[in-house]
Amino acid sequence: MRFMLFIHPGVPPSTEENLIPSREAIAAMSRYNRQLHEAGVLLDVNGLHSPNDAVRISFPGGKPQ
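Here is what the cut-offs are and how they apply
- Residues numbered from 1 in each chain as written.
- Predicted model: local features only at pLDDT ≥ 70, side-chain atom pairs only at ≥ 80, totals over all residues.
- Heavy atoms only, no water.
- Helix = DSSP H or I, 4+ residues; strand = E, 2+ residues; numbered from the N terminus.
- Areas by Shrake-Rupley, 256 points an atom, 1.4 Å probe, with all protein chains shown as cover.
- Patch = residues over 30% accessible without salt bridge, like charges linked within 9 Å, V, L, I, M, F, W, Y side chains within 5 Å.
- Salt bridge = Lys/Arg side-chain N within 4 Å of Asp/Glu carboxyl O.
- Buried < 20%, exposed > 50% of the residue type's maximum accessible area, 1.4 Å probe, protein only.
- Expected span 1.5 Å × (residues − 1).

Observations concerning the overall build of the chain
Helix and strand counts for the chain stand at 1 helix and 0 strands. A total of about 6500 Å² of accessible surface is found on the chain, and carbon and sulfur atoms cover 58% of it.

What follows is the structure, given as structure tokens:
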């Protein structure tokens, strides 16, 4: 079984500094990824593009916009 983990910082990406995680956050995520890898359950750690490069699709009235 595969799972996808999305981590949302909970702040609007209004400035560049909001998009850069702290060193402590990066270290904690690296430890977590290492534990998953050592357990044999980590398949991939490719990241997503920046929210600044994202496209939001909504479906008002059931039609994509």
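A few points about a nonpolar patch on the surface
A contiguous nonpolar patch, built from Val 55, Ile 57 and Phe 59 and spanning about 360 Å² of accessible area, is present on the exposed surface. One can find Val 55 in the segment after α1 (23-38). By relative accessible area, Val 55 is classed as exposed at 73%.

Brief notes about α1
A rise of 1.5 Å per residue sets the reference length of α1, with its 16 residues, at 22 Å; its end C-alpha atoms lie 22 Å apart and thus fit the reference within 8%. Immediately downstream of α1, the backbone of Gly 40 shows phi near 80°, a positive value.

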